[in-house]
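# Report on the structure
Here is what each chain is made of, one letter per residue.
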Amino acid sequence: MVDSQSTPARQRPSIVSISSYLLFLFLALQVISLIITLSTFSKTRDALRAAYEGSGTDGDQVADVFAVIGIGGSIVLLLLAVVLGVLALFNNQGRNGARITTWIVGGIMVCCVGGGLLSNAAGGFNTGGGNTANGPSPEEIQRRLEEALPSWVTPVSLLLGVLSLIALITALVLLALPKANPFFRKQTAAWEPPTPGASYPGPQSPGQPGYPQASGEPGYPSSGEPSYPPPPAANRPDDTPPTDRPGSTPPPTN
């Protein structure tokens, strides 16, 4: 049996595939960033404690707060990046709702990553200690951090942030291009003509095979010799064999 209606197969545009790859790249970059943050957690905490030592402020408390904020922010970014990775899988299937959600979550991520880059470019940590008489200045805190952390941490972190921002913005723009719209548009079933010679279920017309013939009794032959011999003819007194039949002549009677 052949279906009269079917949904035509959709071919995924290359820009949708590239967008998904960029979202996966963004996820990988956030994983690397979190690993760097966790590996430098203790050194960052020690640098902040040393910066506030002798300033009349509880350096341990300040160090714990800002270290936890840094790790918490990295974890939140990673979770949102995981959401974008899942949405990328649905985007590859042509789900328009997933594309809209990608724009919403991606826009939030652009603000977060972009704000982090601007903060690092403006001088990094700013705890507000410069507003107190005995508190360290932001420049002093930054100097302490640069001395405590490896020299590669700051440039690598900036590079990861820039690459993350570029990959995310590019992925969102590719999803918004007009060439991607037909792939996310809801498809309607298209009518297809039946294939010649295809069989369809239903009642068969008279004369089709599979039905018994109307004439003749089932189980009995309709023509030919009967299956049993005919009964013998009764003997009659006047039956005499014909004279023209070959054989012996009966004796005359007196």
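Heads up: the structure comes first, above all this text.
A brief look at the structure comes next. Keep in mind that this is a model prediction, so the values were computed, not measured.

### Comments concerning the overall build of the protein chain
Helices and strands together make up the secondary structure of the protein chain, namely seven helices and two strands. When the helices and strands of the protein chain are listed from N to C terminus, the series reads β-α-α-α-α-α-α-α-β. Taking all 254 residues of the protein chain together, 26% fall into the buried category. Accessible surface for the protein chain amounts to roughly 17500 Å². Of this, 61% is attributable to carbon and sulfur atoms.

### Concerning helix α2 (residues 41–51)
Every buried residue belonging to α2 is among T44, A47, L48 and A51, and all of these are buried. Along the axis of α2, the buried residues cluster in a sector spanning 95°; they form a single face.

### Digging into the packing of aromatic side chains
Under the definition given, this model contains one aromatic pair. Seen in terms of ring centroids, F183 and F184 are 5.4 Å apart; in terms of plane orientation they differ by 80°. Their pairing is edge-to-face. The pair F183 / F184 is uniform in exposure class, with both members buried.

### Some words on helix α6 (residues 153–176)
In this model, α6 (24 residues) spans 35 Å end to end at C-alpha, consistent with the 34 Å of a helix rising 1.5 Å per residue. Within α6, the full set of buried residues consists of V153, L160, G161, S164, L165, A167, L168, A171, L172, L174 and L175.

### Thoughts on the packing of helix α1 (residues 14–39) against α6
Contact pair α1 / α6: the axes reach a minimum separation of 8 Å and the direction vectors enclose 155°. Considering their axes alone, α1 and α6 lie roughly antiparallel with respect to each other. Note that α1 runs across α6; the crossing there is left-handed. Contacts between α1 and α6 involve I15, I18, S19, L22, L23, L25, F26, L29, Q30, I32, S33 and I36 from the former and V153, V156, S157, L160, L163, S164, A167, L168, T170, A171, L174 and L175 from the latter. Partitioned by chemical class, the residues of the contact of α1 with α6 number 18 nonpolar, six polar and no charged.

### Details of the environment of S42
The residue S42 is located in helix α2 in this model. Take S42: its relative accessible area is 42%, and that puts it in the partly exposed class. Measuring from C-alpha to C-alpha, the distance between S42 and L149 comes to 9.8 Å, with 107 residues separating the pair along the chain.

### Examining the pattern of salt bridges
A side chain with one charge can pair with a side chain of the opposite charge if their charged atoms come near. Applying the stated criterion across every chain yields a total of two salt bridges. We note a salt bridge from D46 to R49, for which the minimum N-O separation is 2.9 Å. Note that D46 and R49 are positioned in helix α2 at a spacing of three residues, about one turn of the helix. The exposure class assigned to R49 is partly exposed, which follows from its relative accessible area of 24%. For R143, the salt bridge identified is with E147, shortest N-O distance 2.6 Å.

Calculation criteria
- Residues numbered from 1 in each chain as written.
- Predicted model: local features only at pLDDT ≥ 70, side-chain atom pairs only at ≥ 80, totals over all residues.
- Heavy atoms only, no water.
- Helix = DSSP H or I, 4+ residues; strand = E, 2+ residues; numbered from the N terminus.
- Buried < 20%, exposed > 50% of the residue type's maximum accessible area, 1.4 Å probe, protein only.
- Areas by Shrake-Rupley, 256 points an atom, 1.4 Å probe, with all protein chains shown as cover.
- Arc of directions from axis to C-beta.
- Phe/Tyr/Trp six-rings, centres within 6.5 Å; stacked < 30°, edge-to-face > 60°.
- Expected span 1.5 Å × (residues − 1).
- Axes fitted to C-alpha atoms, helices over the stretch in contact; angles between N-to-C directions.
- Parallel < 35°, antiparallel > 145°, perpendicular 65-115°, else oblique.
- Left-handed = near helix turned anticlockwise from the far one by under 90°.
- Contact = heavy atoms within 4.5 Å.
- Nonpolar A, V, L, I, M, F, W, Y, C, P; charged D, E, K, R; others polar.
- Salt bridge = Lys/Arg side-chain N within 4 Å of Asp/Glu carboxyl O.

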